[in-house]
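# Chains, contacts and geometry: an overview
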Amino acid sequence: MLALEGEDPAAHAEVIDAACAFLDSPLGRRMAEARPGRLHREQPFTLRLSRPAALSELLVRGQIDALVIDDEVTVVDYKLSQARDTARYAAQLDAYALAAHELLAEAPRPVRTGIVFLRTKGAPFVERTPAPPEETRERLLDAGMAIAEGRRTGEWPQVEPARCREIGCGFIRRCHPSIDAG
């Protein structure tokens, strides 16, 4: 595939090795053996969220890299990076878990989430237990309200610098220009 895209496969040996390792992993084998209709790649979703008696709603759109459906639902996100703490991706994974929960509302089952880090030897699937759907729904609504208020007023709430460092936020210098991001 790389050659078809005009790329030199030798220049991507690390990623090819990681992809092969993932395909040999238990999750990779499970995905390869999934029955028709049980593996969804690049699964788009739209969440329509609102609170009772609210005059507005929030639409969250996204795309789940892979969704494996059997006795449980597994949300898989791929990162072309070294393994790191999944807390950095908590909001994304929780939103994906909520989307999976909503997509399968007629046949509910447990949802697990995780990330395959393709630049880590063996391309491990690092799991993260998702927050409960209602908690995620409330957090997304709160974030939507904060963004709407920031757009309206031009004033944006700031996250504590320690939390920014904890999640590896790339905007710490923009939000907190007087501190060192290190």
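Everything numeric here is computed off the predicted structure, so don't read it as measured data. (Residues numbered from 1 in each chain as written. Predicted model: local features only at pLDDT ≥ 70, side-chain atom pairs only at ≥ 80, totals over all residues. Heavy atoms only, no water.)

## Some remarks on the overall build of the chain
When you go through the chain residue by residue, the secondary structure sums to 6 helices and 5 strands. Put simply, the chain runs from its N terminus to its C terminus through helices and strands in the order α-α-β-β-β-α-β-β-α-α-α. Here the C-alpha coordinates of the chain stretch approximately 50 × 45 × 30 Å along the principal axes. Looking at the chain as a whole, 31% of its 182 residues qualify as buried. Sequence-distant contacts in the chain: of pairs separated by 6 or more residues, those separated by 24 or more amount to 55%. Total accessible area computed for the chain in this model is approximately 11,700 Å², and 55% of it derives from carbon and sulfur atoms. (Helix = DSSP H or I, 4+ residues; strand = E, 2+ residues; numbered from the N terminus. Buried < 20%, exposed > 50% of the residue type's maximum accessible area, 1.4 Å probe, protein only. Contact = heavy atoms within 4.5 Å. Areas by Shrake-Rupley, 256 points an atom, 1.4 Å probe, with all protein chains shown as cover.)

## Some words on the confidence of the model for the chain
When pLDDT is averaged across the chain, the result is 86; 98% of the residues are at 70 or more. Mean pLDDT across the elements of the chain bottoms out in helix α6 (residues 172-175) (78) and peaks in strand β1 (residues 39-49) (95). (pLDDT = per-residue confidence, 0-100.)

## Re the pairing of strand β3 (residues 73-79)
Within β3, 6 of the 7 residues are buried, which leaves the element mostly enclosed by the surrounding structure. Direction of pairing for strand β2 (residues 58-69) relative to β3: antiparallel, over a ladder of 4 bridges. Directly across from A66, in β3, lies its bridge partner V76. Between β2 and the antiparallel strand that follows it, β3, lie 3 residues. Pairing of β3 with strand β4 (residues 111-117), which is carried by 7 bridges, proceeds in the parallel orientation. Its bridge partner lying in β4, K79 is registered against F117. With respect to chirality, the unit in which β3 leads through helix α3 (residues 90-103) into the neighbouring parallel β4 is right-handed. (Pairing = 2+ DSSP bridges. Right-handed = clockwise from strand over helix to strand, strands pointing away.)

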